[in-house]
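# Notes for the structure review
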Amino acid sequence: MRKKTNAETIEIDGLELPINTHKGKYNCFVEPLPKIKRELDAMLSHHRKVFVFRIDMRIESYTGDNEVMTKFLRSFIPWLKRRYGLKRVGYVWCREVETSKKQHYHLVFMIDGTAVKTMKTIADKVIDLASIQDLSPWIPKRPSYLIQRKHLEQGNYTKYKQAFFRASYIAKERGKKVKGESVNSFQTSRVQPRLNEHGTIFKAGDDYSQRMR
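This text gives an overview of the structure that appears in the document. (Residues numbered from 1 in each chain as written. Predicted model: local features only at pLDDT ≥ 70, side-chain atom pairs only at ≥ 80, totals over all residues. Heavy atoms only, no water.)

## What about the packing of helix α2 (residues 67–84) against helix α3 (residues 120–132)?
Note the following rule: An axis is simply a line fitted to the C-alpha atoms; with a helix, the fit covers only the stretch in contact. Between two such axes, the angle follows the N-to-C directions and lies from 0 to 180 degrees. By the criteria applied, helices consist of DSSP H or I runs no shorter than four residues and strands consist of E runs no shorter than two, each listed in order from the N terminus. Just so you know how the angles are binned, under 35 degrees is roughly parallel, over 145 roughly antiparallel, 65 to 115 roughly perpendicular, and the rest oblique. The sense of a crossing depends on the near helix, which, turned anticlockwise from the far helix by less than a right angle, makes the crossing left-handed and, turned clockwise, makes it right-handed. We call two residues in contact whenever any of their non-hydrogen atoms come within 4.5 Å of each other.
Orientation of α2 relative to α3, taken along the N-to-C sense of each, is 150 degrees, at an axis distance of 11 Å. Judged by the inter-axis angle, α2 sits roughly antiparallel to α3. When the axes of α2 and α3 are compared, the crossing they make is right-handed. Across from Phe-72, Ser-75, Phe-76, Trp-79, Leu-80, Arg-83 and Tyr-84 in α2, the residues of α3 making contact are Thr-121, Ile-122, Lys-125, Val-126 and Leu-129.

## Concerning the environment of Thr-114
We count it as follows: Between N or O atoms, a polar contact is any pair within 3.5 Å; within protein, one atom must be a potential hydrogen donor and the other a potential acceptor, and residues adjacent in sequence are included only when both atoms are from side chains.
Here Thr-114 shows up in the loop between β7 (104–112) and α3. The spatial distance from the C-alpha of Thr-114 to the C-alpha of Lys-49 is 6.0 Å, given a sequence separation of 65 residues. Here Thr-114 is in contact with Arg-48 and Lys-49, once residues within four sequence places are set aside. One polar contact links Thr-114 to Asp-112, side chain to side chain, over a distance of 2.7 Å.

## Points about the packing of aromatic side chains
Basically, it comes down to this: The pairing test for Phe, Tyr and Trp rings, Trp by its six-membered ring, is centres within 6.5 Å, and the orientation test on the planes gives stacked under 30 degrees, edge-to-face over 60, and tilted for anything in between. Both a distance and an angle decide whether a charge sits over a ring: NZ of Lys or CZ of Arg must be within 6 Å of the ring centre and within 35 degrees of the ring normal.
According to the stated counting rule, one finds 10 aromatic pairs in the structure shown. Members of the aromatic cluster, each reached through a chain of ring pairs, are Phe-51, Phe-53, Phe-72, Phe-76, Trp-79, Tyr-84, Tyr-91 and Phe-109. Between the NZ or CZ atom of Arg-83 and the centre of the ring of Tyr-84, over which it lies, the distance is 5.0 Å.

## As for unusual backbone geometry
Negative phi is the rule for most residues except glycine; trans is the rule for most peptide bonds. Put simply, the test is: Only protein chains enter the accessibility calculation, which uses a 1.4 Å probe. A residue is then buried if its area is under 20% of the maximum for its type, exposed if over 50%, and partly exposed in between.
Residue Asp-13 is not a glycine yet carries a positive backbone phi of 55 degrees. You can see Asp-13 is positioned in the loop between β2 (9–12) and β3 (15–18). Of the residues examined, Asp-13 reaches a relative accessible area of 39% and is grouped as partly exposed. Even without being glycine, Asp-134 reaches a positive phi, approximately 60 degrees. With respect to the helices and strands, the residue Asp-134 is situated in the loop between α3 and β8 (135–138).

This is the structure we're talking about:
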């Protein structure tokens, strides 16, 4: 049985992080939360700034697989890399099906924050791709966060925790499965992290001032 929590925080790698359970009203699945943190940390091991942004995507009719999401990512991620000269793109997404009986997706992306600082061009491209692929995108208000490693080195995790809290919405229990579904409801990138001076994976919560530069 998958573990759930309605707590407002969770400790991962020795770091207490806020999670979006609407102040205990809803449950989150625990398993996705360390995976979200892993992708954030992997990106921060490579980049001194990481730009995190969220988008949502709805489709016109229910499908029993995630091919629509695969198709979108196959177009969107290569565009991000070309447009901003990126070597890597981190992401997490979830599939949800609620009363409408057709799925929608919540996505969080993580990219090099020295390459991009605003959402305008990205949002325009999301809308353009969605129109071609018969999807309905939604860009929420204040969808982005810029995490800077220098702040973590100073012990300031404000932006990191804000971004994690926003991304933790992806782990919420509600809407994840409908009867008879066996399709995957959660997926992440697998960014290969840079190792620290001890040859181990560096994680936020460690002392950033001592990290390999």
